[in-house]
Amino acid sequence: MKKREAVKPMTMIQAINDAMKTMLELDESTLVLGEDVGKNGGVFRATDGLQESFGEDRVVDTPLAESGIVGTSVGLAVNGFKPIAEIQFMGFIYPAYNQIMTHVSRIRMKTMGHFSVPMVIRAPYGAGIRAPEVHSDSMEAIFTHMPGLKVVCPSSPIQAKGLLISAIEDPDPVLFLEPMHNYRASREDVPIRKYETEIGKGRQLNEGTDISVIAWGAMIPVVEKAVKKAEQKGISCDIIDVQTLYPLDQKIIAESVKKTGRAVIVHEAHATGGVGEHIASVINDTSFLYLRAPIERVAGYDVPVPFFALEDYYLPNAKRVLNSIEKAFNF
């Protein structure tokens, strides 16, 4: 009789905490640093209890200086440590952009492979939690245009723990995007043990024959609601959670679209210049002759994320996704 695996119900934020705790226990070179990550346990409690368990030398409260957090992490990484740097909100990452572009992503290339940068930059991102200005940006496309930096985004607790452990173990830098809207939206039975989810691989969440719906992060629950409504109308949908935005799993996208002949891409970032445009080009390159309808995109509007009263109007919702599914199906 096969032994049942030990699991624990966790939200995404608890799974992220558990991933860091697991690696801090198993690997003394792992460190956590960021604003309020220690004594306060992080603004979302992602690092709650870690400093108490592992001490101030391994879970380090830093000044309010994103460029300094990332720059210090680069120095630690090239000297044998595995730093996990927290940016309190992705909207605060811009002061660190120079460090990420000129150092984090390029050191392996600049040193001809003599040095790598095994570090993780954690960044809560996205709208839907009624945060103030600049706290809700979804600017992942900026960083997918930065060879040398991997960009991942989980949509569920199980994926969050596995992807974060993989990111910490990766010999190269990883930007780990955390959809704030999903932090406490659901619970899953997450394995207690250390496990990894492969970076660079998407996953299929639903199998269908009529349309491929492609999304990631906080848009996955929105897509799942829309697909349930579409199925009630007789429209069968694949759901592809890409999980890794760079390097993108082109194979899973191409295979799905070749099967269904139609594609709807959903992301909350601004439509212009978003990752959805790149996915559309991948479909054009790999699956154009299989298409039965134009590719549909459902995205945020080309305006800054608005304040509380208008936030819901900005974000893609199940109705907008369903409308695009029906439009593609009936073309």
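These notes cover the structure that comes with them.

Conventions used here
- Residues numbered from 1 in each chain as written.
- Predicted model: local features only at pLDDT ≥ 70, side-chain atom pairs only at ≥ 80, totals over all residues.
- Heavy atoms only, no water.
- Pairing = 2+ DSSP bridges.
- Helix = DSSP H or I, 4+ residues; strand = E, 2+ residues; numbered from the N terminus.
- Axes fitted to C-alpha atoms, helices over the stretch in contact; angles between N-to-C directions.
- Salt bridge = Lys/Arg side-chain N within 4 Å of Asp/Glu carboxyl O.
- Core = buried A, V, L, I, M, F, W, Y, C linked by side-chain atoms within 4.5 Å.
- Buried < 20%, exposed > 50% of the residue type's maximum accessible area, 1.4 Å probe, protein only.
- Phe/Tyr/Trp six-rings, centres within 6.5 Å; stacked < 30°, edge-to-face > 60°.
- Parallel < 35°, antiparallel > 145°, perpendicular 65-115°, else oblique.
- Left-handed = near helix turned anticlockwise from the far one by under 90°.
- Contact = heavy atoms within 4.5 Å.
- Nonpolar A, V, L, I, M, F, W, Y, C, P; charged D, E, K, R; others polar.
- Patch = residues over 30% accessible without salt bridge, like charges linked within 9 Å, V, L, I, M, F, W, Y side chains within 5 Å.
- Areas by Shrake-Rupley, 256 points an atom, 1.4 Å probe, with all protein chains shown as cover.

Considering the sheet that holds strand β13 (residues 263–270)
Point 1. Judged by pairing direction, the sheet is mixed, and its five strands sit side by side in the order β9-β11-β10-β13-β14 without closing on themselves. With one partner strand each, in any of the chains shown, β9 (203–206) and β14 (296–300) form the two edges of the open sheet. Recorded for the sheet is a direction-independent mean angle of 25 degrees between the axes of neighbouring strands.
Point 2. Bridge analysis of strand β10 (residues 211–215) against strand β11 (residues 237–241) gives five bridges, and the strand direction is parallel. Each bridged residue has a counterpart across the sheet, and for A215 the counterpart in β11 is D241.

Observations concerning the pattern of salt bridges
Point 1. Following the criterion strictly, the structure yields 17 salt bridges and no others.
Point 2. We note a salt bridge from K161 to D18, for which the minimum N-O separation is 2.6 Å. Pair noted here: K161 is in helix α7 (residues 157–169) and D18 is in helix α1 (residues 12–26), with a separation of 143 residues, a long-range link.
Point 3. E296 serves as the salt-bridge partner of K327, at 3.8 Å between the closest nitrogen and oxygen.

Thoughts on the nonpolar core
Point 1. I100, F143, L175, L177, I253 and I279 are the most contacted members of the largest nonpolar core, which totals 39 residues.
Point 2. Elements that contribute at least two residues to this core include exactly α3 (66–77), α4 (97–104), β5 (120–125), β7 (174–179), α9 (250–260), β13 and α10 (275–287).
Point 3. Considering every element that reaches this core, the biggest residue donor is α10, with five residues.
Point 4. By size, the runner-up hydrophobic cluster in this structure holds 29 residues, among which are M12, F89, I165 and F176.

Considerations on the sheet that holds strand β4 (residues 82–86)
Point 1. The strand order β3-β2-β4-β5-β7-β6-β12 describes an open sheet built from seven strands, whose pairing is mixed. Each of the sheet's edge strands pairs with one partner strand only, and the pair in question is β3 (59–61) and β12 (244–246). The sheet shows a mean angle of 20 degrees between the axes of neighbouring strands, direction not considered.
Point 2. Both strand β6 (residues 150–152) and β7 contribute to a ladder of three bridges, which runs parallel. By the bridge assignment, V151 is partnered in β7 with L175.

Section: the packing of aromatic side chains
Two measures describe an aromatic ring pair: the distance that separates the ring centres and the angle between the ring planes.
Point 1. Following the criterion strictly, the structure yields four aromatic pairs and no others.
Point 2. A network of ring pairs unites the aromatic residues F44, F89, F92 and Y183 as a single cluster.

Comments concerning the packing of helix α8 (residues 219–232) against helix α12 (residues 318–329)
Point 1. Across the interface, α8 lies against α12 with an axial gap of 8 Å and an inter-helix angle of 50 degrees. What the angle tells us is that α8 and α12 run oblique. As α8 runs across α12, the sense of the crossing is right-handed. Contact residues: V222, K225, A226, V227, K229 and A230 in α8; A318, V321, L322 and I325 in α12.
Point 2. Of the residues assigned to the contact of α8 with α12, the class counts are eight nonpolar, no polar and two charged.

Brief notes about a nonpolar patch on the surface
Point 1. Taken together, F288, L289 and Y290 make up a surface patch of nonpolar side chains, about 390 Å² in accessible area.
Point 2. Turning to its location among the elements, F288 is positioned in the loop between α10 and β14.

Just geometry here; none of it tells us what the structure is for.
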